[in-house]
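Structural characterization, general
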Amino acid sequence: TQSTWDEVFTLYGSILSKTSVKATNYTYPAPPLNLTMSLLTNNEVTFTWKNRKNYDDFSVNVHDDDKKLIQALTKRDKGVIIRDLTPGKKYKIQVQTRFRELYSKGVAIYEFQTGCYPIGRDESRPWLIAFWLTFVYAILITALCGFLAYWLISRIPPAPSMPTKTAKDSSGVKYIITASPLDGTKWMKNEMYQLGR
């Protein structure tokens, strides 16, 4: 925004007034830039924006889905917090720059919808939602892998058992002897299973 100062005289016929007044010629200010929503809950929203130099303040108007003006604010800072909104409803915010008596010809517009969550839950924290989703997925994957491993193990047939019988050695001590795993005809003495006389 630029301003120039000119002297204005009164002219009557060919007579020019001896005194003059200063008049100001202003150009329209630039509209807000990069209107961004930085926080959204079920009943509150925060917006920020950028702007060039030479401005007095910003005019903020909020309309509901029925195009009804519900809030009209004037902000000096480059940001605004809009409260007391209805959960799950659509809104539209319009921001204009004001410099002296002129408003920017362009208007920054942003349409949004509030959340439908219990009071206190903040939709602007995706990391918290991602953490819980990751935790649930990890449990499900672990359970699935455990079930698959159990199913595969249960499909493995048990090792065949070798036939056993009791016998006495030359000293009369009883032992359990098992068939040879090679041909099943030769019997082997198992020293671990001494049965006594």
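Chains are numbered independently. Their residues run from 1 in the order of the written sequence. For this predicted model, a pLDDT threshold of at least 70 governs which residues receive local features, and a threshold of 80 or more governs which side-chain atom pairs are given and counted, while totals over whole chains, interfaces and linings are taken from all residues. To get the side-chain values, all heavy atoms of the structure are used, and hydrogens and water are removed first.

At Asn34, a residue that is not glycine, the phi angle is positive and equals roughly 55°. Segments assigned H or I by DSSP are reported as helices when at least four residues long, segments assigned E as strands when at least two residues long, and all are numbered from the N terminus. Residue placement: Asn34 occurs in strand E3 (residues 33-40).

Two strands qualify as a pair provided that DSSP identifies no fewer than 2 bridges between them. What the 3 strands build is an open sheet, ordered E3-E4-E7; its pairing is antiparallel. Bordering the open sheet on either side are E3 and strand E7 (79-82), each of which pairs with just one other strand. Strand-to-strand twist across the sheet, computed as the mean angle between neighbouring axes with direction ignored, equals 20°. Note that strand E4 (residues 45-50) and E7 share 4 bridges and pair antiparallel. By the bridge assignment for E7, Val45 is matched with Ile82. Here, axes are lines fitted to C-alpha atoms. For helices the fit covers the stretch in contact, and angles between N-to-C directions go from 0 to 180 degrees.

Along the chain, the position of Pro32 falls in the loop between strand E2 (15-26) and E3. Considered as a pair, Pro32 and Ala108 are 76 residues apart in the sequence and their alpha carbons are 6.0 Å apart. Only heavy atoms enter the contact rule, under which two residues are in contact if any of them lie within 4.5 Å. Not counting chain neighbours up to four residues away, the residues in contact with Pro32 comprise Trp49, Lys50, Asn51, Phe58, Val95, Gln96, Thr97, Ser104 and Ala108.

Another aspect to go through is the packing of aromatic side chains. Between the rings of Phe, Tyr and Trp (Trp by its six-membered ring), a pair exists once the centres lie within 6.5 Å; its type follows the angle of the planes, with under 30 degrees stacked, over 60 edge-to-face, and the other angles tilted. Considering all chains together, one arrives at 6 aromatic pairs under this definition. Between Phe47 and Tyr110, the ring centres sit 5.1 Å apart and the planes meet at 65°, which makes this aromatic pair edge-to-face. One end of the pair, Phe47, is in strand E4; the other, Tyr110, is in strand E10 (residues 108-113), with 63 residues separating them in the sequence. The buried category is assigned to Phe47, whose relative accessible area is 0%. With a centroid separation of 5.3 Å and 70° between ring planes, the pair formed by Trp49 and Phe58 is classed as edge-to-face. Among the aromatic residues, those joined into a cluster by ring pairs are Phe47, Tyr91, Tyr110 and Phe112. Relative accessible area decides the class of each residue, using a 1.4 Å probe on protein chains only: under 20% of the type maximum gives buried, over 50% gives exposed, and in between gives partly exposed.

Glancing now at the pairing of E4. In terms of strand pairing, E3 meets E4 through 5 bridges, oriented antiparallel. Paired with Leu33 across the strands is Lys50, a residue of E4.

Right, let's get into the confidence of the model for the chain. For every residue, the predictor reports its confidence as pLDDT, a number between 0 and 100. On average, residues of the chain score 76 in pLDDT, and 60% of them are at 70 or above. Taken element by element, the predicted model of the chain shows its lowest mean pLDDT in strand E1 (residues 3-12) (53) and its highest in strand E5 (residues 57-64) (93). When the criterion is pLDDT under 50, residues 1-5 qualifies, and its contacts beyond four places in sequence or with other chains add up to 19 contacts.

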